[in-house]
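Residue strings, one per chain:
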Amino acid sequence: MESFEIQLSEDHFIIEPLQNGLYRILEGEIKVGVIFPEPDGDQVKWTSQDDLEEGFVEQVGKLITEHNR
């Protein structure tokens, strides 16, 4: 998959799809973190092992999901 851009509020991020369903988030050339979806019952919960705010991870995850539809 190719990298793509998302906009969250006034911030622009580059999303780089990685292997195994991981997504690297970049702000310019600076790595913000890596997030990934996990099954949560009949829903999908976005999470990260990096020190990222849960609300930010969920919002970026929703934008990735919308992009991939």
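Position labels on residues start from 1 in each chain and follow its written sequence. pLDDT decides what is reported in this predicted model: residues at 70 or higher carry local features, side-chain atom pairs at 80 or more are listed and counted, and totals for whole chains, interfaces and linings draw on all residues regardless. To obtain the side-chain values, all non-hydrogen atoms of the structure were used and water was disregarded.

1. Observations regarding the packing of aromatic side chains
- Within 6.5 Å between ring centres, the rings of Phe, Tyr and Trp (the latter by its six-membered ring) count as paired, and their orientation is classed by plane angle as stacked under 30 degrees, edge-to-face over 60, tilted in between. Enumeration over the complete set of coordinates arrives at 2 aromatic pairs.
- Relative to phenylalanine 56, the ring of phenylalanine 13 lies with its centre 5.5 Å away and its plane at 70°, an arrangement referred to as edge-to-face. Linking phenylalanine 13 in strand 2 (residues 11–17) with phenylalanine 56 in helix 1 (residues 54–68), this pair joins segments that are 43 residues apart in sequence.
- Only protein chains enter the accessibility calculation, which uses a 1.4 Å probe; a residue is then buried when its area is under 20% of its type maximum, exposed when over 50%, and partly exposed in between. We classify phenylalanine 56 as buried; its relative accessible area is 17%. Helix and strand assignments follow DSSP, with helices taken as H or I runs no shorter than four residues and strands as E runs no shorter than two, numbered in order from the N terminus.

2. Describing the pairing of strand 2
- Strand pairing requires that DSSP identify at least two bridges connecting the strands. Alignment of strand 1 (residues 4–8) against strand 2, held across 5 bridges, turns out to be antiparallel. Bridging from a neighbouring strand, leucine 8 pairs with aspartate 11 of strand 2.
- Counting the residues in the hairpin turn of strand 1 and strand 2 gives 2 residues, including serine 9, whose phi is positive at 60°.
- Sheet topology note: the strand 2/strand 3 (residues 23–27) ladder contains 4 bridges and is antiparallel. Counterpart to isoleucine 14 in the pairing with strand 3 is leucine 26.
- From the end of strand 2 to the start of strand 3, which pair antiparallel, there are 5 residues, and asparagine 20 there has a positive phi angle of about 60°.

3. Description of the pattern of salt bridges
- Throughout this description, the term salt bridge denotes a Lys or Arg side-chain nitrogen within 4 Å of a carboxyl oxygen of Asp or Glu. On inspection of all chains with the given rule, the structure shows 2 salt bridges.
- Glutamate 16 is paired through a salt bridge with arginine 24; the nearest N and O atoms lie 2.8 Å apart.
- Judged by its relative accessible area of 22%, glutamate 16 falls in the partly exposed class.
- Overall, the relative accessible area of 27% leaves arginine 24 in the partly exposed class.
- A salt bridge links glutamate 54 to lysine 45, with the shortest nitrogen-to-oxygen separation between them at 3.3 Å.

4. Description of the sheet that holds strand 2
- Taken together, the 5 strands give an open sheet; going across it, the order is 1-2-3-4-5, and neighbouring strands pair in antiparallel fashion. The open sheet terminates on both sides in strands that have one partner only, identified here as strand 1 and strand 5 (43–48). If you compare each strand with its neighbour and ignore which way they point, the axes differ by 35° on average. To obtain an axis, a line is fitted to C-alpha atoms, over the contacting stretch when the element is a helix, and the angle between two such axes runs from 0 to 180 degrees between their N-to-C directions.

5. A few points about the confidence of the model for the chain
- Predictor confidence is given residue by residue as pLDDT, running from a minimum of 0 to a maximum of 100. For the chain, per-residue confidence averages 94 on the pLDDT scale, and 100% of positions sit at 70 or higher.
- Highest mean pLDDT in the chain belongs to strand 3 (98); lowest belongs to strand 5 (94).

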